[in-house]
Amino acid sequence: MKKKFDVTKHQLVPKHLKVSEKEKGELLKRYNITVKELPKILVDDPAIEHLEVKVDDVVKIIRQNPTAGEVVFYRCVTNG
């Protein structure tokens, strides 16, 4: 059996976190949007497969930027 590469350990893959339902509600209220209006990320994306997410969950992506510091993005989990 071929060993699978863990993409979450790669230096170019930012940190991905599953957002709680409470945080999700606060995020959608703050920006007055629906979950469908967020950018998408596929449920089978290798960067989030360890998070046990389902469709319509929200993933928080934290990237490090040399000029802006820590930058946060949100994505809605979709199946296609």
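The structure this text deals with has already been given above.
Summarised in this report is the structure supplied together with it. (Residues numbered from 1 in each chain as written. Predicted model: local features only at pLDDT ≥ 70, side-chain atom pairs only at ≥ 80, totals over all residues. Heavy atoms only, no water.)

**A short note on the sheet that holds strand E2 (residues 40–42)**
Here's step 1: Pairing is mixed across the open sheet formed by four strands, whose spatial order is E1-E3-E4-E2. One side of each edge strand has no neighbouring strand; the edge strands of this open sheet are strand E1 (15–18) and E2. Along the sheet, successive strands turn relative to each other by an average axial angle of 40 degrees, direction set aside.
Here's step 2: The sheet contact formed by strand E3 (residues 58–65) and strand E4 (residues 69–78) spans eight bridges and is antiparallel. (Pairing = 2+ DSSP bridges. Helix = DSSP H or I, 4+ residues; strand = E, 2+ residues; numbered from the N terminus. Axes fitted to C-alpha atoms, helices over the stretch in contact; angles between N-to-C directions.)

**Quick word on the side chain of Arg75**
Here's step 1: Residue placement: Arg75 occurs in strand E4.
Here's step 2: Look past the residues within four positions of Arg75 in its chain and what remains in contact with it is Pro39, Lys40, Ile41, Asp57, Val58, Val59, Ile61 and Arg63. (Contact = heavy atoms within 4.5 Å.)

**Here we look at the pattern of salt bridges**
Here's step 1: A complete count under the given rule lists three salt bridges for this structure.
Here's step 2: Ionic pairing is found between Asp56 and Lys36, a salt bridge with its closest N-O pair at 2.7 Å. In this pair, Asp56 is assigned in the loop between E2 and E3 and Lys36 in the loop between helix H1 (21–31) and E2, connecting sequence segments 20 residues apart.
Here's step 3: A residue is classified by how much of its surface remains accessible, and Asp56, at 26% relative accessible area, is partly exposed.
Here's step 4: Among the salt bridges present, the one from Lys54 reaches Asp57, with a minimum N-O distance of 3.1 Å.
Here's step 5: Overall, Asp57 belongs to the buried group, its relative accessible area being 2%.
Here's step 6: Among the charged side chains, a network of salt bridges with common partners joins Lys18, Lys54 and Asp57. (Salt bridge = Lys/Arg side-chain N within 4 Å of Asp/Glu carboxyl O. Buried < 20%, exposed > 50% of the residue type's maximum accessible area, 1.4 Å probe, protein only.)

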